[in-house]
Structure formats: C-alpha cells, structure tokens
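Results of the structural survey
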Amino acid sequence: MNRTIAIISGKGGVGKTIVTANLSAALMQFKKNVIALDADIKMSGLGLQLGMYYFPVTLSDVLMQKANIFEAVYIHPSGLRIIPASLCAQDVRVSRLKDILNDQFLDGNIVLVDSPPGLEKNTLSILKACKELLIVTIPEIPAIADVMKTIVAAKKAGAKPIGIIVNRYKRSEKNQISVKEIESACNVPVIGIIPEDKTIQKSIFKRVPAVFLDQYSASTIEFKKIAANLIEEKYLPPKFLSFKRFFRGLKK
Ligand code: ADP
Ligand code: MG
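Residues numbered from 1 in each chain as written. Chains lettered and ligands numbered in written order. Predicted model: local features only at pLDDT ≥ 70, side-chain atom pairs only at ≥ 80, totals over all residues. Heavy atoms only, no water.

1. Section: helix α10 (residues 218–230)
- Between the first and last C-alpha of α10 there are 19 Å, a value that for 13 residues agrees with the 18 Å anticipated at 1.5 Å per step.
- Among the 13 residues in α10, 10 count as buried, and that is most of the element.
- Within α10, burial applies to Ser219, Thr220, Ile221, Glu222, Phe223, Lys224, Ile226, Ala227, Ala228 and Leu230.
- Once α10 ends, the next one or two residues include Glu232, with phi positive near 55 degrees. (Helix = DSSP H or I, 4+ residues; strand = E, 2+ residues; numbered from the N terminus. Expected span 1.5 Å × (residues − 1). Buried < 20%, exposed > 50% of the residue type's maximum accessible area, 1.4 Å probe, protein only.)

If you want it as structure tokens, here you go:
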C-alpha cells in the first residue's frame, strides 16, 4: 500500500511545486519513504527547481507504456527521489496515472503528486488517481475562488481534500484574506501557513529544497509542521530545542 497525495491549486503560480519539493524533503527528515512525482506534464518544473535537467526516461514514457515506473526515478544529491515530467511540453494524457500509482514498486511510499493549475482533463485524472488532496493557495480572493471550484471537482472525482496550505502569507499585510475566512468559504481546514520567505528564492538558486538548505527558516519550520501533521508525529521547532540546550548548558 502507498499513500498518494495530490498537490493541487486551481490558480497557477501559487507554489504547488515549491510545496511538493519541500513537503517531500520534510517527510524525508521524518524518515519516511517519499517520492515527488511531477504530473504537470505540459509545464514541468520540479526537476528544474532542483537543478536536475537530464532525464532519459520520464513520467510521459511510463504513461505511454514505453518504460516502467522504476526506470523514471532519479535521486537528487540530497537523497530526495523524484519522478520527473519531460522538460519538453508534451501532449500526453495522464489518464493512466491511477494504474501507475498502484504499481507495487511504490508500495510503502508516500507519493506527492505535483499538478498543473486549472481543471483541465489531466488535473481531473490526477484527482481520480490520488486518494488524498492538499490544496495550495495564496491569500487572495481570486485564488480562493479557484480553490472552491477545485474542491467541488475533487469531491466529484472521489478525492478527499485533507487540507489547505496558504502560501506566501505576509504577517504584516492587512490586505489579505484571513485563515478563518478561507476555512469558512472552503469548508476544509487550513493545515499550514507558509510565509513569504526569501529562503525559497535562495533554495531555487541553490537547487535544493529550502527544508534542506536552512532548518531555521520560517518556511522550513512550517513545512515540517505540515509534514508532522500528515503523519501524525510530533515536531518541536529548532528554536525551542536550542533554548532547551541553552538552559541545560547554564545549569551545568
Ligand atoms: P506553481 O507550481 O503553483 O506554479 P511554484 O511552486 O513554481 O508555483 O512557485 C512559483 C514561484 O513563486 C517560485 O518560483 C518562487 O519564486 C515563488 N514562491 C513560491 N512560494 C514562495 C514563498 N513561500 N516565498 C517566496 N516565494 C515563493
Ligand atoms: Mg508548478
């Protein structure tokens, strides 16, 4: 058995790929077997964000039955395993994704599925293929309206929305929709609030997930909280740990 979680949004550019890479990294730090799969066939970005460009076999080849799933797995220097989409915009249907995700090779893994924006055919196939669903949004009304449409489509497809992740949240910004408003509009709990964080840009430049780059960054701490929540484990942010160590040191 594996766990399949679609990372979906409605609106484009809100941070699905960032969430896929960093949540995978955070789950890895909790010693889980994780695979990040790029199902955004037309605008793939997961490999690029991680500085990985050479993929002789991709998800498209597996979808077209030209290769097996295990041939399309690549390992980032951090140890993170990814299944990339082709870097060329391909017009491949994702309708076989459900069968692929049921492959025995993926047993025992948590598979995070990075998705395209909107509700086109491929997105609907992803909704049908994944048992669980995490919805990424920014705190703006048009994006939340898209989340609401996505939730309706997801429920029709039989996927279970397990939570909303609010990305690029700015603490001092008053002109943004509140978490309470998002929850009451969507009727799905907000399970994480990722702040606007320069570490994210730095991580893309350095080609490594922010979670691996800086354990103290505000976004890393949030990603680890979400990961802990997903696997029902406890997580103590490093700030508190270092305080504990500091006081222990004073007592000695
Ligand atoms: P999507 O996959 O939904 O299209 P991406 O994950 O590619 O969106 O994110 C788009 C861009 O937004 C990233 O390249 C990054 O520059 C920026 N970004 C996303 N999340 C954050 C964040 N929490 N803080 C700062 N910049 C972010
Ligand atoms: Mg993306």
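2. Details of the side chain of Asp114
- In this structure, Asp114 sits in strand β5 (residues 110–114).
- Buried Asp114, no salt bridge; nearest opposite-charge side chain is Lys16, N-O distance 6.0 Å.
- Beyond its immediate stretch of four places on either side in the chain, Asp114 contacts Ile7, Lys16, Thr17, Thr20, Leu37, Asp38, Ala39, Asp40 and Leu46. (Lys, Arg positive; Asp, Glu negative; His and termini not counted. Salt bridge = Lys/Arg side-chain N within 4 Å of Asp/Glu carboxyl O. Contact = heavy atoms within 4.5 Å.)

3. So, the site of ligand 1
- In the vicinity of ligand 1 lie 16 residues, with Gly15, Lys16, Thr17, Ile18 and Asn167 positioned nearest.
- The contact in question runs from an oxygen atom of ligand 1 to an N or O atom on the side chain of Thr17, over 2.8 Å.
- Contacts to ligand 1 include Arg168, whose side-chain N or O atom sits 3.1 Å from an oxygen atom.
- Of all elements in the fold, only α1 (16–29), β7 (160–169), β8 (190–195) and α8 (198–206) reach the threshold of two or more residues within the shell around ligand 1. (Near = heavy atom within 4 Å. Polar contact = N/O pair within 3.5 Å; in protein donor to acceptor, adjacent residues only side chain to side chain.)

4. A short note on the side chain of Asp40
- Following the sequence through the fold, Asp40 ends up in the loop between β2 (34–38) and α2 (46–49).
- Buried charge without a salt bridge: Asp40, with Lys16 as the nearest opposite-charge side chain at an N-O distance of 6.1 Å.
- Ignoring sequence-local partners within four residues, the contact set of Asp40 consists of Ala85, Asp114, Ser115, Pro116 and Pro117.

5. Some words on the environment of Ile7
- One can find Ile7 in strand β1 (residues 3–8).
- Residue classification places Ile7 among the buried positions, given a relative accessible area of 0%.
- Ile7 sits 32 residues away from Ala39 along the chain, and the two C-alpha atoms are 9.8 Å apart.
- Leaving out residues up to four positions away in the same chain, Ile7 has contacts with Lys16, Val19, Thr20, Leu112, Val113, Asp114, Ser115, Leu134 and Val136.

6. Topic: the packing of helix α5 (residues 121–129) against helix α6 (residues 141–157)
- Orientation of α5 relative to α6, taken along the N-to-C sense of each, is 55 degrees, at an axis distance of 8 Å. In this view, α5 runs oblique relative to α6, as classed from their interaxial angle. As for the relative orientation of α5 and α6, their crossing is right-handed in sense. Contacts between α5 and α6 involve Leu124, Leu127 and Lys128 on the former and, on the latter, Ala153, Ala154 and Ala157.
- By residue class, the composition of the contact of α5 with α6 is five nonpolar, no polar and one charged. (Axes fitted to C-alpha atoms, helices over the stretch in contact; angles between N-to-C directions. Parallel < 35°, antiparallel > 145°, perpendicular 65-115°, else oblique. Left-handed = near helix turned anticlockwise from the far one by under 90°. Nonpolar A, V, L, I, M, F, W, Y, C, P; charged D, E, K, R; others polar.)

7. Section: the pattern of salt bridges
- According to the stated counting rule, one finds four salt bridges in the structure shown.
- The salt bridge involving Arg3 is made with Glu132; its shortest N-O contact spans 2.7 Å. You can see Arg3 sitting in strand β1 and its partner Glu132 sitting in strand β6 (residues 132–137), a full 129 residues away along the chain.
- Note on Arg3: relative accessible area 24%, which makes it partly exposed.
- Using a relative accessible area of 16% as the deciding quantity, one classes Glu132 as buried.

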